[in-house]
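This is what each chain is made of:
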Amino acid sequence: MAASSPDRAPGRGETETEPDTGTLTGHGPIVKREPVLKLLSPVCGLEPLSWSEDHRISASCTNSISLMEMVCDIHSYSRDLIIHRTSIPVPEDVCVLQVGPEREVQEAKERFAGSDDPAVSQAFMLDRTMNPAVGALPPLRGTKYTSWSPPGCDGNGRCLLAVLTLDGRLTVQSCGRRMRWTPLADLTELYGRSLAEQGYAPPGAEPPLGPPDQLPELRRRHRMQAPVRMEWSSVCATQRVQTNNECKDVGTVLLAVLMENGDLAVWHLALPFLGPDSVVSCSTLPSGVARPSALAWWEYQHGGRRMSGLIVGSSAGPVKILPVNLKAVKGCFTLRQPVVLWQEADQIPVLGVRCVSLYHPRQKCDCSLVVAARGPYLFWCLLLISKAGLNVHNSHVTGLHATPIVSMATGRRDGAVFTCASDGSIKRLTPVFTDEAVTFRQEALELPEGVAGRRVHGMAVSPYGAYLALLTSEGMRGWQHPISRAHQVQLVTLKTADAAAGEVLRSGVQSLFRQADLLDLVRWKVLQDKRIPPGLQGELDEKVCASGSAYLRRFKLFLLRVLYQSLQKAPTEARWRPAPKTAKVFLTDEDGDEDDGERPSEGAESQGQEGGASEEQAREITAMIQETETHLTREHMKTVLGEVYLHTWITENTSIPTRGVCDFLSSDSTYEDRAAEVLIGHIFKKMNKQTFPEYCSLCKEVLPFSDPRQAVCSNGHIWFRCVLSYRACQSLDYRRCLLGDGIARHPAPEDPDWIKRILQGPCTFCDSPLI
């Protein structure tokens, strides 16, 4: 390993910045979005706000975890954010760590609590790890930390949530159904059982080390299984040997848990994670870090090889990267020895650590930027692999805040760093690469009215940097603290709608759902202006004609749907409420003539003309929507038929209405598609006049394939069709798109793997998951 440090002109441990004030350069003014999300209980824990990659926000509270999901709803008339809210309650019972035989441990605790030596009794009673609920101190109840996994980890292809409570209970939660969270595994209990089988011995030691009736041994056993932080790695692949001796790549994910004694428990979980049976292994690594306080994964791409490690920060100041042996993970390597990023124990605690992968424009290669909040300073470290080895450049950003940093957030795409101090000031640091290292352009955020002046407890940036979420409460009034504080989650914009539309248009992600934060800004713009920006529409039409990308067509469909909603009049009353019936009264004069008010005025005529023009425009937009949906349906049908042709070697019923799909594709004579004609010809030769029709489960009549959205038998029974396989869903148990575009059936046990793979896909119209 080669290590070097840049020349520090400002002095040891400092770095130059380019200070600036005002709005974000190139990002437009910061605007507050409604609604304001109120929390029912006070905030608690470390970094209480977190934003997942599937657009869900978690706020840690004393009684529960408040969860807010941003939905870019195309059926809503409102310009405000569409937020779906739910919560995960904190367990009522206190988690007690298993450190030995229950009776023996209880007797030892009673003896320590009643000891005549104050050094023993007070040290034992005030230790909340060993005594989460004892004596006059209130029980530890609340959420300490939450961490979101990458997408694709649960049964629906979405994110898992790792929850750590104040009493040391670590669980993995999943939203298997709509807005319904269930615990999948209690990792604290599983790890306690594993340690009990090993005799509570540290890594590399031989049990037994002593009975738990000694205070040092009892404290050591609690420290070795009391979590401090936990972080998820990215999704990786592991080779698994099948029954036919073939190797198959299986998706896995790693969850690293940092314990109070400095040990790292690395859980290897198979995907989709469904419970304790999905745990592949758990290994314990000693870090050698005293008083650990922060944890982050370091993942680096170099020459097609993926390197990984764990960044551990300490309350005493040091920060270092530890190698993680990942022999079972395909294509993943690690360091040969630990790398110290900051070694001085200056007693400045590390609040949080973030690692961002960036591209170095000067060196023409990938690099890793590690940032850590240390008191009022921001520590940064640039990691770059060259022919000489691993180059480490580190320094501090000083003069950033006058008070310690209470929260830090980073952008996942541009590497922007947001810091917030205890005085409420928020700053954005943008990395600027130099030949040797990196500097930061410093900008102060001018928060809008209603957000400025409030106390900030936590921050989180949306996946594509469109929004900044702030967890706030009332600030001081007249130099006095308020009697009670109401905690809120407020969202402000970081980008303009035009910039967001450009990013979606030129994105390489090819998924609208993953860019929902950018799409919401575009939706907001269209609803305000009641039109699609001309520049965006022209560029989108040009790209669609040139490439024919299904992703761009889905983006066009999204814009047309929002535009259609902007032309509709929002209902003034609840839709479930019946309209009042009132008699019409005619007023006449003495001559018996009707009042002039009954005659249509010029204003009414002009309103009618405007309404007619709007109706004509609405009919035009509706026709364009239907045309785009038909094109997307035909393209997906060709994909499904291609899978049918490749995976059916004999004529068999594949549970996919192959004949009906072929007839639907060939029914429109005006639609010329040479690829579809060739594919249909090959499939007809293979089927050899066999049709395999679908039958209604109620009357046993044939279900014709006349509509890809629904199937109607001759007796009038209506069944919805699966938007992925186009089979009629003749059961009450099916999955629905997040935006309500379509439904999909559940994979059946008798379905082959290729059909199950088709059913795992997103919605063909909006890229949303089917839940």
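Above this note sits the structure.
A quick note: this is a predicted structure, and the numbers were derived from the prediction, not measured. (Residues numbered from 1 in each chain as written. Predicted model: local features only at pLDDT ≥ 70, side-chain atom pairs only at ≥ 80, totals over all residues. Heavy atoms only, no water.)

What follows covers helix H7 (residues 534-547). For H7, spanning 14 residues, the distance from its first C-alpha to its last is 20 Å, which sits close to the expected 20 Å at 1.5 Å a residue. When we look at burial in H7, the residues that qualify are Leu 536, Leu 540 and Val 544. Angular distribution of buried residues about the axis of H7 spans 60 degrees; they occupy a single face of the element. Turned more than 90 degrees from where H7 packs its buried face, Pro 534, Gly 535, Glu 542, Cys 545 and Ala 546 sit exposed. (Helix = DSSP H or I, 4+ residues; strand = E, 2+ residues; numbered from the N terminus. Expected span 1.5 Å × (residues − 1). Buried < 20%, exposed > 50% of the residue type's maximum accessible area, 1.4 Å probe, protein only. Arc of directions from axis to C-beta.)

The next point concerns the nonpolar core. Counting residues in each nonpolar core, the largest one holds 83 residues, and the members touching the most others are Val 489, Phe 555 and Leu 559. For this core, the element with the highest residue contribution is helix H8 (residues 550-567), accounting for nine residues. By size, the runner-up hydrophobic cluster in this structure holds 42 residues, among which are Ala 296, Val 353, Val 392 and Ile 405. (Core = buried A, V, L, I, M, F, W, Y, C linked by side-chain atoms within 4.5 Å.)

Turning our attention to the side chain of Arg 158. Structurally, the position occupied by Arg 158 is in the loop between strand S7 (143-148) and strand S8 (161-165). In this structure Arg 158 comes out as buried when scored by relative accessible area, which is 4%. One polar contact links Arg 158 to Glu 69, side chain to side chain, over a distance of 2.9 Å. Those residues in contact with Arg 158 that lie beyond four places of it in its chain are Asp 54, Arg 56, Glu 69, Pro 150, Pro 151, Gly 152, Cys 153, Phe 513, Leu 738, Pro 769 and Ile 771. (Polar contact = N/O pair within 3.5 Å; in protein donor to acceptor, adjacent residues only side chain to side chain. Contact = heavy atoms within 4.5 Å.)

A few words now on the sheet that holds strand S2 (residues 32-38). Read across the sheet, four strands follow the order S2-S31-S30-S29 without closing on themselves; strand pairing throughout is antiparallel. A single partner strand is all that each edge strand has here, and the edge strands are S2 and strand S29 (455-461). Adjacent strand axes in the sheet meet at a mean angle of 20 degrees when their direction is disregarded. Of the pairings in the sheet, the one linking S2 to strand S31 (residues 488-493) comprises four bridges and is antiparallel in character. (Pairing = 2+ DSSP bridges. Axes fitted to C-alpha atoms, helices over the stretch in contact; angles between N-to-C directions.)

We now examine H8. Since there are 3.6 residues in each turn of an α-helix, residues three or four apart along the chain are aligned in direction. If you check H8, its first and last C-alpha atoms are 26 Å apart, about what 18 residues at 1.5 Å a residue would give, namely 26 Å. Within H8, 14 of the 18 residues are buried, leaving the element largely enclosed by the surrounding structure.

Another point: the packing of aromatic side chains. This structure, assessed with the given rule, holds seven aromatic pairs. With 6.0 Å between their ring centres and 65 degrees between their planes, Trp 148 and Trp 181 make a pair best called edge-to-face. Of this pair, Trp 148 sits in strand S7 while Trp 181 sits in strand S10 (residues 180-186); the two residues are 33 residues apart in sequence, bridging distant segments of the chain. Like Trp 148, the residue Trp 181 is buried in the burial classification. Ring geometry for Phe 664 and Phe 705: centres 6.1 Å apart, planes at 70 degrees, overall edge-to-face. Pair noted here: Phe 664 is in helix H10 (residues 658-667) and Phe 705 is in the loop between strand S33 (702-703) and strand S34 (710-712), with a separation of 41 residues, a long-range link. Judged by its relative accessible area of 18%, Phe 664 is buried. (Phe/Tyr/Trp six-rings, centres within 6.5 Å; stacked < 30°, edge-to-face > 60°.)

With antiparallel pairing, four strands are arranged side by side in an open sheet as S3-S4-S5-S6. Edge positions in the sheet fall to strand S3 (49-51) and strand S6 (83-89), since each has one partner strand and no second. When the angles between neighbouring strand axes are averaged without regard to direction, this sheet yields 20 degrees. The sheet contact formed by S3 and strand S4 (residues 56-60) spans three bridges and is antiparallel.

A complete count under the given rule lists zero disulfides for this structure. As a non-bridged cysteine, Cys 365 has Cys 367 as the owner of its nearest cysteine sulfur, 6.6 Å distant. (Disulfide = S-S within 2.5 Å.)

Now for the pairing of strand S16 (residues 292-302). Taken across its eleven residues, S16 has eight buried, putting it largely inside the fold. The sheet contact formed by S16 and strand S17 (residues 305-314) spans ten bridges and is antiparallel. By the bridge assignment for S17, Gln 301 is matched with Arg 306.

This next bit is on the pairing of strand S25 (residues 405-410). Extensive coverage of S25 is indicated by the burial of five of its six residues. Relative to strand S26 (residues 417-421), S25 runs antiparallel, the two sharing five bridges. The residue of S26 that forms the bridge with Ile 405 is Ala 421. In sequence, S25 turns back onto S26 through a hairpin of six residues, with Gly 415 there showing a positive phi of about 75 degrees.

Another aspect to go through is the packing of H7 against H8. Two elements in contact, H7 and H8, have axes separated by 10 Å at closest approach and are oriented at 145 degrees. By crossing handedness, the relation of H7 to H8 is classed as left-handed. Each of Leu 536, Leu 540, Asp 541, Lys 543, Val 544 and Ser 547 in H7 lies in contact with H8, whose residues at this interface are Leu 552, Arg 553, Phe 555, Lys 556 and Leu 559. Classifying every residue of the contact of H7 with H8 gives six nonpolar, one polar and four charged. (Left-handed = near helix turned anticlockwise from the far one by under 90°. Nonpolar A, V, L, I, M, F, W, Y, C, P; charged D, E, K, R; others polar.)

Following the criterion strictly, the structure yields 37 salt bridges and no others. A salt bridge links Arg 219 to Asp 127; the shortest N-O distance between them is 3.9 Å. With Arg 219 in helix H4 (residues 215-223) and Asp 127 in the loop between helix H2 (118-125) and S7, this residue pair connects regions lying 92 residues apart in the sequence. Judged by its relative accessible area of 26%, Arg 219 falls in the partly exposed class. For Arg 506, the salt bridge goes to Glu 539, with nearest N and O atoms at 2.9 Å. (Salt bridge = Lys/Arg side-chain N within 4 Å of Asp/Glu carboxyl O.)

The interhelical angle for the contact between helix H6 (residues 516-529) and H8, taken along N-to-C directions, is 40 degrees, at an axis separation of 9 Å. H6 and H8 meet at a crossing whose hand is right-handed. Here Leu 519, Val 522, Arg 523, Val 526 and Leu 527 of H6 lie close against H8, whose contacting residues are Phe 555, Phe 558, Leu 559, Val 562, Leu 563, Gln 565 and Ser 566. When the residues that make up the contact of H6 with H8 are grouped by side-chain class, the tally is nine nonpolar, two polar and one charged.

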